[in-house]
Amino acid sequence: MKGFKKRKETEHRMTQIADLTAIEPVFRWWLALLPALAWSGLASGEDLLLGAAGVSLACCLIWWSRVKRSGQTSLHLPLACWLAAGALLTTSPQPALTWWVAGLHGAGLVACGATPVWKAIGLLVGFAGLGTPGQNVIEYAFRAAAVMIGLISLWQKPSERHVRSSEAFEPVAAQDAQNKEQLVPALNLYLQNHLPQFQADGAIIYQYNLQSGRLEPLLLFGSLPEAFQAGNSLTLEEGCAGVCAAYGKTVAYLSLLKPPKDLPVSLQWEGRPTICAPLFDPASSSGKAMGALQIFGSDLQARSVTALQQMAARITESLTLIRAREAEQVANFQRLSAIVEQVEEQSPHTRGHSRRVAQLCQFVAADLGLEPELTEKLATAALFHDIGKTRVPSEILNKEGALTDEEKALIRQYPHHSVDICADMGLDEDTLFLIRHHGERLDGSGYPDQLDASRQPLALRILSAVDVFDTLACTRVYRQSLTMEERLAELARQAGSRLDMMAVETLRRAYLRGQLETIYPAENETTQMLAA
C-alpha cells in the first residue's frame, strides 16, 4: 500500500512537471510583454499599468521557482493573475495605451494555453482589448490582427509535424505479457502507432542491466543511424541515451550546431536529430532512470519533448509491470522447487527424477525441433509434474507389495493436485496441460483423462516417454532399477502403441552417441567399471 501511494505521488509530480513545461511558451510571451507594460505605465503615469507589470513579474518568478523545485504547485494562480492583468487593462481610461497590451495578453494565452478552457478565456480578453472601431482604421486593423492570432490558434488542430503537449497516450497493451520477450511485440506496435506523430523515423528502447552495468537495447524500431543498427549496449554517459539515463534528463540534440546545454561536452552528434527521454520507475526509491527511450528523425521538434516524456512514462509502466511479473515468477518457481524437494524427501527412491526428466525433455525437444518457447514450457512442466504427490500419503507411495484398486485410484489423482498447486503459482495453461496429462498413453490407457493419440501434442508425447524412461531408472519397493539397455528395450516395446516412436528413437540415438552420460554419470561410471 505504501509503495502504491508513493508511486501515485511520483506520477502526479511528473504530470505537474509536464504541465509546467507544456505552457512554457505562455510565460515566454509574458516576459516579452513585461517591458511594454512597464513602459506604458511610466509613460502614462497609470498605476493600473504599473500594477499589472508588477503582478506579471511576480507570477513569472513564482512559475520559475516552482519549475526549479520540480513543479510542486498548481498553475492556476499564475495563469489567473496574468488573465486578471489583461482584463484590467481593457478597462483602462486610456485605451490608446493599453488595447494592444490587453490584446496580446489574450492572444498569447489562446496560442499557448495548456487547455481549451484557458484558450477560450484568453480569446475573450483579446476581444475585450479589441474594443470598438474608432477614427484610426489602421490602428484597429492591428488590434484585429492580434485577436486573429488567437482565433487561428484556438481552431488549429494538432499539427501532423509534432505532438501537442496536452495529448495523452494510452497504456501499452501488455496484459498478456509475462516477460520481456512477450512484451517486445506490444512495444513494437505501440511505437508503430505513435512515432509518426513525432515525425520520427526510428526508435530504441534501452533498459539498464544491473549485472553488466550497461544500457541494453530491448527494442530497435524503424530506420536508425548506421552506428545503432547493430544494437550495441551502452555505458552510462555514453552517447545521448547514456547521458539521458545517467543524469535523468531529457536530451534533445536537434542540430549539429546547437549541442544541448548543461550536459557533458563529450556528447557527440549522432548523425541525425535525436531526442532521448529517461524511463523513471515510479516505485524506485533511488530516483535513477531504469533506461531511456531514444527517437531519431530529421523533422523532430523541440516542443515534442514533453510528449515524448509522456510516452516514455507509459512505456515505463509496462516495463515495471513485466519486471514485477518476472519477480513473481521467480518467487513462485522457488516455492515450487521447495515442494519438489519435499516430494523427493517423501520418496527417496525418486530423488533427482524431476530434474533429470526436465533435462531430457529439453534435449529431445531440441532434437525434434520444438519452438524455444514451447521447449521452456515443457521443461517447466517436467520439473513440477510430480509435485501433487505431496498430497498423497507417503505410506501409499512407498507401500511394499501390490496396491489395492482404491490406492491406485488415489495415486492417479496426483496430476490433479499438481495442476492445483501450479495454477496457484501462476503457471500458464499450456504448462498446466502438460502437467495434468503426463501420464497419458497413445492408446488411451493412461490417466487421468484417457486421451487418445489425436489429442496428444508432440510436447506431451515427449514428456510421457521421458517420464517412463527415467522412472524405470528409479528403484522401487517392488523392483530394482533397470539398466540403460533394459530401459531402452522397454521403451522400444511400447513405441508406436503407448509411447511416441520419435521420442523413443531420439533417446536411443542419444544413448548410442554417449549424450546421456552427463545426465546419468553414476550409471556411466558403473558401466565403465564392469567393462574394465
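Novice: How should the overall build of the protein chain be read in this particular structure?
Specialist: Counting its secondary structure elements, the protein chain contains 20 helices and 6 strands. Burial statistics for the protein chain: of 532 residues in total, 43% are counted as buried. Contacts in the protein chain between residues at least 24 apart in sequence constitute 64% of all its contacts with a sequence separation of at least 6. Of the roughly 27,200 Å² of accessible surface on the protein chain, a fraction of 56% belongs to carbon and sulfur atoms.

Novice: Where do I start with the side chain of Asp386 in this structure?
Specialist: For Asp386, the position within the fold is in the loop between α12 (372-384) and α13 (394-397). Taking the relative accessible area as the measure of exposure, Asp386 reaches 7% and is therefore buried. Dropping the residues within four chain positions of it, Asp386 is found in contact with Val343, His353, Ser354, Tyr414, Ser418 and His438.

Novice: Explain the pattern of salt bridges to me, please; I cannot follow it from the model alone.
Specialist: Opposite charge on two side chains allows them to pair when their charged atoms are near. Considering all chains together, one arrives at 15 salt bridges under this definition. Taking the shortest distance from any N to any O, the salt bridge between Arg509 and Asp367 comes out at 3.0 Å. On the criterion of sequence distance, the pair formed by Arg509 in helix α19 (residues 501-512) and Asp367 in helix α11 (residues 353-367) is long-range, its members being 142 residues apart. Taking relative accessible area as the criterion, Asp367 reaches 36% and is therefore assigned partly exposed. Salt bridges here are not isolated pairs; linked through shared partners, they connect Asp367, Glu505, Arg508 and Arg509.

Novice: What's the story with the nonpolar core in this structure? I'm lost.
Specialist: The nonpolar side chains of soluble globular proteins are, as a tendency, buried together. With 44 residues, the main nonpolar core has Leu336, Phe384, Ile462 and Phe469 as its most contacted residues. Looking at this core, the elements that each hand over two or more residues are α10 (305-346), α11, α12, α15 (414-424), α16 (429-436), α17 (458-471), α18 (484-494) and α19. Counting residues per element, this core draws most heavily on α17, at 8 residues. Apart from residues no more than four positions distant in its own chain, Ile462 is found in contact with Cys361, Val364, Ala365, Leu368, Leu370, Leu378 and Ala503. One finds Leu183, Phe198, Ala200 and Ile275 within the second-largest nonpolar core, a separate group that totals 31 residues.

Novice: Which parts of the structure should I look at to understand α17?
Specialist: Three- or four-residue spacings in an α-helix give side chains the same orientation, since the helix completes a turn every 3.6 residues. Taking 1.5 Å per residue as the helical rise, α17 with its 14 residues ought to reach 20 Å, and the 20 Å between its terminal C-alpha atoms agrees with that figure. Of all 14 residues in α17, 12 are buried; the element is thus mostly enclosed. Taken as a whole, α17 has its buried residues at Ala459, Leu460, Ile462, Leu463, Ser464, Ala465, Val466, Asp467, Val468, Phe469, Asp470 and Thr471. Looking at the packing, one finds that the buried side of α17 touches α11, α12, α16, α18 and α19.

Novice: How should I be thinking about the side chain of Thr471 in this particular structure?
Specialist: Within the secondary structure, Thr471 is located in helix α17. At 2.6 Å, the side chain of Thr471 forms a polar contact with the backbone oxygen of Asp467.

Novice: Got a minute to help me understand the pairing of strand β6 (residues 289-296) in this structure?
Specialist: For a regular strand, side-chain orientation follows a simple rule: the groups alternate between the two sheet faces. Burial of β6 is extensive: 8 of the 8 residues sit out of reach of the surface. Summarising the sheet, strand β5 (residues 274-280) and β6 pair through 7 bridges and their orientation is antiparallel. Bridge pairing in β6 places Thr274 opposite Phe296.

Novice: What should I look at first to understand the sheet that holds strand β2 (residues 214-222) in this one?
Specialist: Sheet strands pair by backbone hydrogen bonding; their relative direction is either parallel or antiparallel. Pairing is antiparallel across the open sheet formed by 6 strands, whose spatial order is β3-β2-β1-β6-β5-β4. Each of the sheet's edge strands pairs with one partner strand only, and the pair in question is β3 (234-235) and β4 (251-253). Looking at chain direction, strand β1 (residues 202-209) and β2 are connected through 8 bridges and run antiparallel. Considered in β2, the bridge of Tyr206 is made with Pro217. Relative to the sheet, helix α8 (residues 180-198) contacts β1, β2 and β6, its axis offset from that of β2 by approximately 60°. Taken strand by strand, α10 contacts β1, β2, β4, β5 and β6, and its axis lies near 40° from that of β5.

Novice: Would you take a moment to explain α19 for this structure?
Specialist: Helix length check: α19 (12 residues) gives 17 Å between terminal C-alpha atoms against 16 Å at 1.5 Å per residue, within 8%. Buried-residue contacts for α19 involve α11, α17 and α18. The N-terminus of α19 is capped by Asp500, whose side-chain oxygen sits 3.0 Å from the backbone nitrogen of Met502. Positive phi shows up at Gly514, right after α19, with a value of about 80°.

Novice: Can you help me understand the packing of aromatic side chains in this one?
Specialist: The relation between two aromatic rings is expressed through the spacing of the ring centres and the mutual angle of the planes. Per the stated rule, a full pass over the model turns up 6 aromatic pairs. Ring geometry for Phe469 versus Tyr520: centroids 6.1 Å apart, planes at 80°, classification edge-to-face. With Phe469 in helix α17 and Tyr520 in the loop between α19 and α20 (521-531), this pair connects stretches of sequence that are 51 residues apart. A relative accessible area of 0% places Phe469 in the buried class. By relative accessible area, which is 7% here, Tyr520 ends up buried. Taking the ring centre of Phe469 as reference, the NZ or CZ of Arg487 above it sits at 4.8 Å.

Novice: How should I be thinking about the environment of Met311 in this particular structure?
Specialist: One can find Met311 in helix α10. On the basis of relative accessible area, Met311 is assigned to the buried category, the value being 0%. Along the chain, Met311 and Tyr190 lie 121 residues apart, while their C-alpha atoms are 9.6 Å from each other. Excluding residues that lie within four positions of it along the chain, Met311 makes contacts with Phe169, Tyr190, Leu191, His194, Leu195, Phe198 and Leu293.

Novice: Just checking my understanding: could you explain the packing of α11 against α12 for this structure?
Specialist: The packing of two helices is summarised by the inter-axis angle and the distance between the axes. Axis separation between α11 and α12 bottoms out at 7 Å; the angle between their running directions is 160°. Judged by the inter-axis angle, α11 sits roughly antiparallel to α12. The two elements α11 and α12 cross, and the hand of that crossing is right-handed. In this structure, α11 uses Ser354, Arg355, Val357, Ala358, Cys361, Gln362 and Ala365 to contact α12, whose residues at the interface are Thr375, Leu378, Ala379, Ala382 and Leu383.

The rules behind each value
Residues numbered from 1 in each chain as written. Predicted model: local features only at pLDDT ≥ 70, side-chain atom pairs only at ≥ 80, totals over all residues. Heavy atoms only, no water. Helix = DSSP H or I, 4+ residues; strand = E, 2+ residues; numbered from the N terminus. Buried < 20%, exposed > 50% of the residue type's maximum accessible area, 1.4 Å probe, protein only. Contact = heavy atoms within 4.5 Å. Areas by Shrake-Rupley, 256 points an atom, 1.4 Å probe, with all protein chains shown as cover. Salt bridge = Lys/Arg side-chain N within 4 Å of Asp/Glu carboxyl O. Core = buried A, V, L, I, M, F, W, Y, C linked by side-chain atoms within 4.5 Å. Expected span 1.5 Å × (residues − 1). Polar contact = N/O pair within 3.5 Å; in protein donor to acceptor, adjacent residues only side chain to side chain. Pairing = 2+ DSSP bridges. Axes fitted to C-alpha atoms, helices over the stretch in contact; angles between N-to-C directions. Phe/Tyr/Trp six-rings, centres within 6.5 Å; stacked < 30°, edge-to-face > 60°. Lys NZ or Arg CZ within 6 Å of the ring centre and 35° of its normal. Parallel < 35°, antiparallel > 145°, perpendicular 65-115°, else oblique. Left-handed = near helix turned anticlockwise from the far one by under 90°.

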